[in-house]
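# Coordinates in review
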Amino acid sequence: MAFELPVLPYAQNALEPFISAQTLDFHYGKHHQTYITNLNNLIRNTALANQTLEQIIFETAGKPEKSAIFNNAAQNFNHAFYWKSMLPNGGGKIPDGAFKTAVSKTFGGLESLKAELKAAAISQFGSGWAWLVSENGTLKIVKTSNADTPMIHGQKPLLTIDVWEHAYYLDYQNKRADYVQSVIDNLLNWDFAASNFS
Ligand code: MN3
């Protein structure tokens with residue numbers, strides 16, 4: 001069974017002007033598709049071929065001889081999660097409920113959470129990801145390098161921002177901070193984060 005590129009949850013131009021259709025054309029249509037194609041080629045006719053994406057990630061994590069499979073599998077998970085972490089007319093408020101209570105308890109409020117998330121995204125050296133996760137029920141901001149992903153560190157991802165250059169270079173060139181600020185202010189899907197927390 002081969003993996004397929006998941007359907008983007010909005011049109012390719014739906015995140016404009018913050019992320020252009022051209023960026024999504026390359027990032028979703030080319031980069032993400034390549035991770036899918038590579039993963040399928042790497043697992044074909046192996047014991048991993050009938051496993052779920054998460055099983056493949058756990059099975060190959062920390063094994064240097066399996067790093068190509070891990071990198072492509074984890075990047076598939078990370079990108080599918082990133083697309084769902086955004087929506088047109090995002091940003092804004094978090095919904096009432098257990099997630100909002102946890103945000104107040106851990107960060108003192110949404111503005112402090114956003115400041116910490118921005119700092120993590122900007123300070124990630126080189127390619128990687130900034131994440132809001134829950135670990136044993138407690139919220140945390142973390143960053144990961146390259147394809148690394150929170151699930152293998154005992155963390156449940158709630159929201160992510162891709163900070164590989166391919167995520168922003170066409171629209172923002174070297175200004176990663178401007179891209180991160182745009183995503184946080186205008187695109188983040190707090191309903192998705194809340195649904196992942198519960
Ligand atoms: Mn990417």
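The rules behind each value
Residues numbered from 1 in each chain as written. Predicted model: local features only at pLDDT ≥ 70, side-chain atom pairs only at ≥ 80, totals over all residues. Heavy atoms only, no water. Pairing = 2+ DSSP bridges. Helix = DSSP H or I, 4+ residues; strand = E, 2+ residues; numbered from the N terminus. Axes fitted to C-alpha atoms, helices over the stretch in contact; angles between N-to-C directions. Contact = heavy atoms within 4.5 Å. Domains from an automatic or database assignment. Buried area = accessible area lost by both parts, 1.4 Å probe. Salt bridge = Lys/Arg side-chain N within 4 Å of Asp/Glu carboxyl O. Polar contact = N/O pair within 3.5 Å; in protein donor to acceptor, adjacent residues only side chain to side chain. Nonpolar A, V, L, I, M, F, W, Y, C, P; charged D, E, K, R; others polar. Buried < 20%, exposed > 50% of the residue type's maximum accessible area, 1.4 Å probe, protein only. Core = buried A, V, L, I, M, F, W, Y, C linked by side-chain atoms within 4.5 Å.

## Here we look at the sheet that holds strand β1 (residues 128-135)
An order of β2-β1-β3 is seen for the 3 strands of this open sheet, with the pairing classed as antiparallel. Each of the sheet's edge strands pairs with one partner strand only, and the pair in question is β2 (138-145) and β3 (156-162). If you compare each strand with its neighbour and ignore which way they point, the axes differ by 20 degrees on average. Where helix α4 (residues 98-107) meets the sheet, it contacts β1, β2 and β3, and its direction lies at approximately 80 degrees from that of β2. Seen against the sheet, helix α8 (residues 190-197) touches β1, β2 and β3 and runs at an angle of roughly 155 degrees to β3.

## Here we look at the environment of tyrosine 172
Residue position: tyrosine 172 is located in helix α6 (residues 169-172). Separated by 153 residues in the primary sequence, tyrosine 172 and isoleucine 19 place their C-alpha atoms 9.1 Å from one another. Excluding its chain neighbours within four sequence positions, the residues that come into contact with tyrosine 172 are Phe18, Asp178, Tyr179 and Ser182.

## Focus: the domain arrangement of the chain
When its domains are assigned, the chain resolves into domain 1 (21-84) and domain 2 (98-197). Facing the 20 residues of domain 1 at the interface are 23 residues of domain 2. Note on domain 1 versus domain 2: buried area summed over both sides is about 1800 Å², and carbon and sulfur give 70% of it. Three residues stand out in domain 1 for area buried against domain 2, namely Thr23, Phe81 and Tyr82, and they jointly supply 34% of the buried area on that side. The tally of links from domain 1 across to domain 2 stands at 0 salt bridges. For the interface between domain 1 and domain 2, the tally reads 9 residue pairs in polar contact (both at pLDDT 80 or more). Broken down by secondary-structure element, the contributors of at least two residues to the side of domain 1 that touches domain 2 are α1 (21-43), α2 (53-60) and α3 (67-84). The greatest single-element share of the side of domain 1 that touches domain 2, amounting to 10 residues, is contributed by α3. Within the side of domain 1 that touches domain 2, the residues separate by chemical class into 10 nonpolar, 8 polar and 2 charged.

## Notes on the pattern of salt bridges
Tallied over the full model, the rule gives 4 salt bridges. For lysine 63, the salt bridge goes to glutamate 59, with nearest N and O atoms at 3.7 Å. A relative accessible area of 37% means that glutamate 59 is categorised as partly exposed.

## Some remarks on the nonpolar core
Counting residues in hydrophobic clusters, the biggest one holds 62 residues, and the most contacted among them are Phe99, Leu132, Tyr179 and Trp190. For this core, the element with the most residues is α3, which contributes 8 residues. Here this core spans two domains, since at least three of its residues come from each of domain 1 (21-84) and domain 2 (98-197). Beyond its immediate stretch of four places on either side in the chain, phenylalanine 99 contacts Ile94, Leu132, Leu139, Leu158, Trp190, Ala193, Ala194 and Phe197.

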